[in-house]
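Here's the letter readout for the chains.
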Amino acid sequence: MTVSADLAMVNLDSSDPAGHAAFYHQALGWEVTHSQPEYAMIRSGGVSIGFGLVEGYQPPSWPDSTGDKRYHLDLYVDDLAAAEQQLVAAGASKPDFQPGGDRWVVLLDPIGQPFCICPRPQS
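What counts and how
Residues numbered from 1 in each chain as written. Predicted model: local features only at pLDDT ≥ 70, side-chain atom pairs only at ≥ 80, totals over all residues. Heavy atoms only, no water. Helix = DSSP H or I, 4+ residues; strand = E, 2+ residues; numbered from the N terminus. Rg over C-alpha atoms; globule rule 2.2 N^0.38 Å. Buried < 20%, exposed > 50% of the residue type's maximum accessible area, 1.4 Å probe, protein only. Contact = heavy atoms within 4.5 Å. Areas by Shrake-Rupley, 256 points an atom, 1.4 Å probe, with all protein chains shown as cover. Lys, Arg positive; Asp, Glu negative; His and termini not counted. Charge placed at Lys NZ, Arg CZ, Asp CG, Glu CD. Pairing = 2+ DSSP bridges. Domains from an automatic or database assignment. Polar contact = N/O pair within 3.5 Å; in protein donor to acceptor, adjacent residues only side chain to side chain. Nonpolar A, V, L, I, M, F, W, Y, C, P; charged D, E, K, R; others polar. Salt bridge = Lys/Arg side-chain N within 4 Å of Asp/Glu carboxyl O. Disulfide = S-S within 2.5 Å.

Under the annotation held in an unreviewed UniProt entry, the protein carries the name Putative enzyme related to lactoylglutathione lyase and is attributed to Micromonospora taraxaci.

So, in structure tokens, the structure goes:
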């Protein structure tokens, strides 16, 4: 049996939903459609990312192969260096461990969750 489904939304645990949504609004340019201390959401087209408050949230450590990574977003960008600079200015940080060489850059969002920026594939 095959189910035909469309992704409507991804919900992410967060220690600061409104701040988390504001960061990804800046990173992706998606519209903030809801923002409260306990829950926030951004949306583009037909897909949303929600950020729900989890009391005592602890981000995974990077790198840590024994830790629990809750999710990992890869974002395409046109210029790795420029995007890194802009995202760090928006609140991200860059850990020392960078396994991607010049193929991608690992950053930590403002609550410490790793994500990557990758060069946009050339068509």
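Visitor: Run through the overall build of the protein, naming residues and quoting values.
Guide: For the protein, the count of helices and strands is two helices and seven strands. Mapped in sequence order, the helices and strands of the protein form the string β-α-β-β-β-β-α-β-β. Compactness check: the protein gives a C-alpha radius of gyration of 15 Å against a globular reference of 14 Å for 123 residues, within 12% of the reference. The C-alpha extent of the protein, read off along each of the three principal axes, is 40 × 35 × 35 Å. By residue count, 33% of the 123 residues in the protein fall in the buried class. For the protein, contacts bridging at least 24 residues in sequence account for 52% of all contacts bridging at least 6. When the accessible surface of the protein is split by element, carbon and sulfur atoms take 50% of a total near 7500 Å². On the protein, the mean spot of the 6 positive side-chain charges and the mean spot of the 15 negative ones are 6 Å from each other.

Visitor: Lay out the pairing of strand E4 (residues 47-53) in plain terms, naming residues and giving numbers.
Guide: Across the seven residues of E4, five count as buried, placing the element largely inside the fold. Where strand E3 (residues 39-44) hands over to E4, the hairpin turn is made up of two residues, of which Gly45 adopts a positive phi near 60 degrees.

Visitor: Before we move on, can you summarise unusual backbone geometry with the specific residues and values?
Guide: For the peptide bond that leads from Trp62 to Pro63, omega is -15 degrees, which places it in the cis range. Mapped onto the fold, Pro63 is located in the loop between E4 and strand E5 (73-77).

Visitor: Hey, could you go over the domain arrangement of the protein for me, with residue numbers and the actual values?
Guide: Each domain of the protein was delimited in the assignment, giving domain 1 (1-55) and domain 2 (69-122). For domain 1 and domain 2, the distance between their C-alpha centres works out to 18 Å. Taken residue by residue, the interface counts eleven residues in domain 1 and twelve residues in domain 2. Along the contact surface separating domain 1 from domain 2 lie two residue pairs in polar contact (both at pLDDT 80 or more). Only strand E1 (9-14) and helix H1 (17-28) provide two or more residues apiece to the side of domain 1 that touches domain 2. With six residues, the single largest contributor to the side of domain 1 that touches domain 2 is H1. Within the side of domain 1 that touches domain 2, the residues separate by chemical class into five nonpolar, four polar and two charged.

Visitor: If you had to explain the pattern of salt bridges to someone new, which residues and values would you point to?
Guide: A full pass over the atoms with the stated rule returns two salt bridges. Among the salt bridges present, the one from Lys94 reaches Glu84, with a minimum N-O distance of 3.4 Å. Here Glu84 lies in helix H2 (residues 80-89) and Lys94 lies in the loop between H2 and strand E6 (105-108), a separation of ten residues in the sequence.

Visitor: I'd love a proper account of the state of the cysteines, names of residues and values included.
Guide: By definition, a disulfide links the sulfur atoms of two cysteines through a covalent bond. Taken as a whole and assessed by the stated rule, the structure comprises zero disulfides. Note on Cys116: no disulfide assigned, nearest cysteine sulfur contributed by Cys118 at a separation of 5.6 Å. Of the residues examined, Cys118 reaches a relative accessible area of 13% and is grouped as buried.

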